[in-house]
Structures are given as C-alpha cells and as structure tokens.
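Coordinates in review
Listed here are the chains, written in short residue letters.
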Amino acid sequence: MANSDLLTSENELKKIGLRLKSLRKSKGYTSPDKFSYEHNLNRSQYGKYEAGSANITIGTMINILNCFGVSLTEFFNEEYENPIK
C-alpha cells in the first residue's frame, strides 16, 4: 500500500461529514439544526460531525444512519469514496 493510499483521520472525518450532509439534503432537510432537532440529536455535535471536525463513534453513527434509514454498508458505498461537494 502506497503512502498516498493510507487512511488519515482528518480525511476520513471530512468524507463522513460530506456524506452525512448529502444524506440530510437528500431527505429534504436544508438545515442540520432542523434535522438534529427533529431526531433528538445534539445540534452542535451533529454540526461538528457534518463539518468533519469531531470524531464519531460507531454507536452514534448507527443512530444517525437509522434516522436516514441507511445501513453502514449503504453509507460506505461509492458515494462515500467519491463525495459530491
């Protein structure tokens, strides 16, 4: 594996955030605040996840993905690897 192929937490957190944002928008939520409020998520923490500035646990990820009706497999698909910015 070449050094350019290595995972970095900063890059992966950004990709996770972009994917969460994409899913939120695809569900018709223009605001992360409204989404987090309607799903009983901490507003400021959810915003950090979308911004890619906070670590997210697998448990929290599963809870958020359940709000979207998406599995981990679906989340980490080709859209994760090639996010739409």
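Residues numbered from 1 in each chain as written. Predicted model: local features only at pLDDT ≥ 70, side-chain atom pairs only at ≥ 80, totals over all residues. Heavy atoms only, no water.

1. Regarding the overall build of the protein
- In terms of regular secondary structure, the protein is built from 6 helices and 0 strands.
- Ordering the α and β elements of the protein from the N terminus gives α-α-α-α-α-α.
- Here the analysis covers contacts within the protein between residues at least 6 apart in sequence; of these, 56% occur between residues at least 24 apart.
- Of the accessible surface of the protein, which amounts to about 5,700 Å², a share of 50% is contributed by carbon and sulfur atoms. (Helix = DSSP H or I, 4+ residues; strand = E, 2+ residues; numbered from the N terminus. Contact = heavy atoms within 4.5 Å. Areas by Shrake-Rupley, 256 points an atom, 1.4 Å probe, with all protein chains shown as cover.)

2. Some thoughts on the packing of helix α1 (residues 9–26) against helix α4 (residues 58–68)
- It is at 10 Å that the axes of α1 and α4 come closest, and there the two elements cross at 25°. As far as their axial angle goes, α4 and α1 are roughly parallel. With respect to the hand of their crossing, α1 and α4 are arranged in left-handed fashion. Along its contact with α1, which presents Ile16, Leu20, Leu23 and Arg24, the element α4 presents Met61, Ile64, Leu65 and Phe68.
- Of the residues belonging to the contact of α1 with α4, the class tally is 7 nonpolar, no polar and 1 charged. (Axes fitted to C-alpha atoms, helices over the stretch in contact; angles between N-to-C directions. Parallel < 35°, antiparallel > 145°, perpendicular 65-115°, else oblique. Left-handed = near helix turned anticlockwise from the far one by under 90°. Nonpolar A, V, L, I, M, F, W, Y, C, P; charged D, E, K, R; others polar.)

3. Some details on helix α3 (residues 43–51)
- Looking at α3, one finds that the buried residues are Tyr46, Tyr49 and Glu50. Buried residues of α3, seen end-on, are gathered within an arc of 95° and therefore sit on one face of the element.
- Each element contacted by the buried residues of α3 is listed here: α1, α2 (32–38) and α4.
- In the stretch just after α3, Gly52 is the one whose phi turns positive, near 75°. (Buried < 20%, exposed > 50% of the residue type's maximum accessible area, 1.4 Å probe, protein only. Arc of directions from axis to C-beta.)

4. Digging into the pattern of salt bridges
- On inspection of all chains with the given rule, the structure shows 4 salt bridges.
- For Arg24, the salt bridge goes to Glu50, with nearest N and O atoms at 2.6 Å. With Arg24 in helix α1 and Glu50 in helix α3, this residue pair connects regions lying 26 residues apart in the sequence. The pair Arg24 / Glu50 is uniform in exposure class, with both members buried.
- The salt bridge involving Arg43 is made with Asp33; its shortest N-O contact spans 3.9 Å. (Salt bridge = Lys/Arg side-chain N within 4 Å of Asp/Glu carboxyl O.)

Nothing here speaks to function; it is geometry throughout.
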